[in-house]
Amino acid sequence: MSEKKDLPKFVYDFTEGNKNLKDLLGGKGANLAEMTNLGLPVPPGFTITTEACKVYLASGEAPEALRAEVSAYLEALEQKMGKKLGQADDPLLVSVRSGAKFSMPGMMDTVLNIGLSDKSVTGLAKQVGGDERFAWDSYRRLIQMFGKTVLGVDGDLFEEALEEAKQAKKVVIDTDLEAADLKKLVKRFKKIVSDRAGRDFPQDPREQMDLAINAVFDSWNTDRAKLYRRQERIPGDLGTAVNVCSMVFGNLGPDSGTGVAFTRDPASGHQGVYGDYLQNAQGEDVVAGIRNTVPLADLENIDKASYDQLMQIMETLETHYKDLCDIEFTIERGQLWMLQTRVGKRTAGAAFRIATQLVDQGLIDEAEALQRVNGAQLAQLMFPRFDDEAKTEKLGRGIAASPGAAVGKAVFDSYTAVKWSRSGEKVILIRRETNPDDLNGMIAAEGILTSRGGKTSHAAVVARGMGKTCVCGAEELEVDTKRRRMTAPGGIVIEEGDVVSIDGSTGKVYLGEVPVVPSPVVEYFEGRMHAGADDANELVAAVHRIMAYADRVRRLRVRANADNAEDALRARRFGAQGIGLCRTEHMFLGERREMVEKLILADTDDERETALATLLPLQKADFIELFEAMDGLPVTVRLLDPPLHEFLPDITELSVRVALAESRKDANENDLRLLQAVHKLHEQNPMLGLRGVRLGLVIPGLFAMQVRAIAEAAAQRKNAKGDPRAEIMIPLVGTVQELEIVRDEADLVIAEVEAATGTKLKLTIGTMIELPRAALTAGQIAEAAEFFSFGTNDLTQTVWGFSRDDVEASFFTAYLEKGIFGVSPFETIDRDGVGALVRSACEAGRATRPDLKLGVCGEHGGDPESVHFFHEVGLDYVSCSPFRIPVARLEAGRAAAQASASDSR
């Protein structure tokens, strides 16, 4: 007889969970439970798990056991509160809120005031001393939210009806509408629902709750939620929990209100009192930015007792979570209630400042501080900022919600932002306030500007999470989205398409394009600025501390992709520990192109040798400069890789030139020879044709000339008391025999140079692993190679069968939108495909040659997520463009710290 398995538990009371159950209860539910455990004032409620959501999304129906569980927990809640859901004379009202493991602000659905009906609205008024206005306002909010969220009614219809009601009353804000006005509005809202949804607004409170729960489940797969998950790389199979919480009301009058608080400034990281408060309002009013809030500090004058209690709770939460906390709260007639807390989103600068502050306060150690920041944030800090000395025309000023310097053409809706952005235009999305449906436009825009809302509005929270520049609450700017224009003080009109600049660090908005200057963080890395004590250098000091720790703990070394001494010196200032890729083809461009043409056109051995002899001293001089710039550090020189036709004129242009010359009967002999060579070298797929090691085998003396130039340059530097550490890399090897032939020739040339100069050279020879066959036969290739450098750009192309230049423009967008890619495989290493080949090649190569040096020189070497993979598989170094070196250093440190933490557990 089989053992009966326990049925899964789909519902948890707030008293049953804790902050470690985010996978099951979502972030909101887990943290509500944690605050309850801490004894903080949390309205009673329960959480429906993400497992229930997964069942619902897979089958289209809620789990069979869920209804009974919800009934049991609802009954317990009713007993605790002393009233029943929707009870006519004394109704219990609840909110139904989403809450995934990872914060997705505004992307999923919430419904407040569940339980109100035509019968219970009068009972609600009795609960609050006969305040009919409050009761009818709560009812119209429910119908509006339920209609839009649950029944799919266009939300603009409710907004238009509300605006018409205010216009009829000749008032500006919602709170000026009286009970009689709101009764009429409820009637109109109900008609909108019945007309547009094909059914009446449900009067059964349990039906309201069940439908709202299902709607929250469904909201996991809305277009905006899926888009946000792709943007933030959140897995699509997690599902959302649903939190059912007894309602507390901030819209009971001037002694009530709602707000959002941060334990530190999420924009700067500075300690203090930060947040927004709105009297006589419900929580959605603050986040939506529909009414402008007052600073949280003003609460001290409005309700000192609640303010003092809130400050104490904020300190408790920050100490408990050991991090910046984002808090939502409501005050109901002087009683403070905590509705949510989470580790708050913050700007890149705030992340670095807060991490070091918490170390200084003894709350976390340096290893944890390193995990609190990431390479994407560091990269953002390296972007330019506006020039303070530039002549500007200021349009206005709002709240500095998310820092950065953004310039673009003004657009007034998301559709236009996306359309223009795809055409290559840089745009600034300007709205009165944003809502979740604006997410596409926010992603496409360089920055976001709103005339309403504060630091906790939807625009501010989402922009900070995405690292987008944002200015909110610029009240002096009148935004007219219908006429597609914005009017600034003094009558200055900005039409759609006009260029504006916004400064997310100061909140200033300018007309036209403001010049930018380098970031102070970049100046620091380049040695032009030193960490100091004043506020301007505070950020640099925080970056310096964390980078110093990352450098101490990382195992991966970081090299640069650099082809000349200037780039090499800059890379060295940025912390490069050598050059992982010097592309010698870049040395053949410009004035030297004609010399390469002569090599290609050579008909005899003498002509070819003359061309190579001309190139030799130029190559040698290049390498001398490079070895001098990187003295004492390794320099990996890749021999010529691209197809030779790339050094010749365009076949179409040359054909036209020759045809015109022939028509004039003055044909140029050199052009004719060039055209013949172009036709001879023309290939249908040059990426898979005559390039890399194949060139060295087909064109006698080409690779020998380059090896000689490297060897002679190294010998000269060594004789000048330098310390050259050259590594010769053979590209596009697919079989060990190719490498053996080139290696034998190279060894002979190096021996000749040693004999001629009397200098003993230590030049290592290795290969790029950029073809699937090379990765699969890495054990054999390692017999002839002293190092492998994974060329992950070409390896990705050959594994996927992609031509990068073609596919990124043709179908990558569709693949990303359909979820086939979470991120482009050219941006982040494809662990399952390309990554599997890298891993197996590392293992096979070192099985043959235990001291085999392993590196990567594709742009993946500077991608944060990819760096962690390269640490895992045991590479010795990553190599990337100079600007990305600090990012790679940081992520290499984070990878080592994470591995160390895992080993110690």
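Just above, that's the structure.
The rules behind these values
- Residues numbered from 1 in each chain as written.
- Predicted model: local features only at pLDDT ≥ 70, side-chain atom pairs only at ≥ 80, totals over all residues.
- Heavy atoms only, no water.
- Helix = DSSP H or I, 4+ residues; strand = E, 2+ residues; numbered from the N terminus.
- Buried < 20%, exposed > 50% of the residue type's maximum accessible area, 1.4 Å probe, protein only.
- Contact = heavy atoms within 4.5 Å.
- Areas by Shrake-Rupley, 256 points an atom, 1.4 Å probe, with all protein chains shown as cover.
- Lys, Arg positive; Asp, Glu negative; His and termini not counted.
- Charge placed at Lys NZ, Arg CZ, Asp CG, Glu CD.
- Expected span 1.5 Å × (residues − 1).
- Disulfide = S-S within 2.5 Å.
- Phe/Tyr/Trp six-rings, centres within 6.5 Å; stacked < 30°, edge-to-face > 60°.
- Lys NZ or Arg CZ within 6 Å of the ring centre and 35° of its normal.
- Core = buried A, V, L, I, M, F, W, Y, C linked by side-chain atoms within 4.5 Å.
- Axes fitted to C-alpha atoms, helices over the stretch in contact; angles between N-to-C directions.
- Left-handed = near helix turned anticlockwise from the far one by under 90°.
- Pairing = 2+ DSSP bridges.

A look at the overall build of the chain
In step 1: Scanning the chain for helices and strands turns up 36 helices and 31 strands.
In step 2: The dimensions of the chain, computed from C-alpha atoms along their principal axes, are 105 × 80 × 60 Å.
In step 3: By the burial criterion, 56% of the 905 residues in the chain qualify as buried.
In step 4: Considering only contacts within the chain whose residues lie at least 6 apart along the sequence, 68% involve residues at least 24 apart.
In step 5: Carbon together with sulfur atoms contributes 48% to the accessible area of the chain, which is approximately 38100 Å² in total.
In step 6: Distance between charge centres in the chain, computed from 109 positive and 137 negative side chains, equals 2 Å.

Considerations on helix α3 (residues 66–81)
In step 1: The end-to-end C-alpha separation of α3 is 22 Å, in line with the 22 Å expected for 16 residues at 1.5 Å each.
In step 2: Buried within α3 are the following residues: Leu66, Glu69, Val70, Tyr73, Leu74, Leu77 and Glu78.
In step 3: Looking at the buried residues of α3, the elements they touch are β1 (11–13), β2 (45–48), α2 (50–59), β3 (94–100) and α8 (205–219).
In step 4: Where α3 ends, the next residue or the one after it, Gly82, has phi of about 75°, a positive value.

Digging into helix α9 (residues 223–232)
In step 1: Considered for burial, the residues of α9 that qualify are Arg224, Ala225, Leu227, Tyr228 and Arg229.
In step 2: Backbone geometry just after α9 places Arg233 at a positive phi near 55°.

A look at the state of the cysteines
In step 1: Counted under the stated rule, the structure contains zero disulfides.
In step 2: The cysteine Cys880 is free of any disulfide, with Cys857 supplying the nearest cysteine sulfur at 11 Å.

Concerning the packing of aromatic side chains
In step 1: The full count for this structure, using the stated rule, is 21 aromatic pairs.
In step 2: Between the aromatic rings of Phe802 and Phe811, the centroid separation amounts to 5.7 Å while the plane-to-plane angle is 65°, which identifies the pairing as edge-to-face.
In step 3: Under the relative-accessibility criterion, Phe802 is labelled buried at 9%.
In step 4: Aromatic rings pair up to connect Trp800, Phe802, Phe811, Tyr815 and Phe821 into one cluster.
In step 5: If you follow Arg229 out to its NZ or CZ, it ends over the ring of Trp220, 3.9 Å from the centre.
In step 6: One residue, Arg559, lies across the ring of Tyr877, its end atom 3.8 Å from the ring centre.

Digging into the nonpolar core
In step 1: Within the largest apolar cluster, 133 residues are counted, with the highest numbers of intra-cluster contacts made by Phe352, Leu378, Val543, Ile730, Phe788, Phe790 and Leu875.
In step 2: Here the element with the most residues in this core is helix α27 (residues 702–719); it accounts for 11 residues.
In step 3: Apart from the residues within four sequence positions on either side, Ile730 is in contact with Leu639, Val693, Phe703, Leu739, Val742, Ile765, Gly766, Thr767 and Met768.
In step 4: Of all hydrophobic cores here, the second largest spans 60 residues; its members include Val11, Phe46, Trp136 and Leu142.

Notes on the packing of helix α31 (residues 792–800) against helix α34 (residues 834–848)
In step 1: Their axes nearest at 9 Å, the elements α31 and α34 cross at an angle of 115°. Crossing handedness for the pair α31 and α34: right-handed. Here Leu795, Thr796, Val799 and Trp800 of α31 lie close against α34, whose contacting residues are Val834, Leu837 and Val838.

Quick look at the sheet that holds strand β20 (residues 492–495)
In step 1: Spatially, three strands are ordered β18-β19-β20 in an open sheet, and the strand pairing comes out antiparallel. Both edges of this open sheet fall to β18 (478–480) and β20, since each of them pairs with a single strand only. Pairwise comparison of adjacent strand axes, ignoring direction, gives a mean angle of 20° for this sheet.
In step 2: The sheet contact formed by strand β19 (residues 485–488) and β20 spans four bridges and is antiparallel. If you follow Thr487 over to β20, its bridge partner there is Val493.

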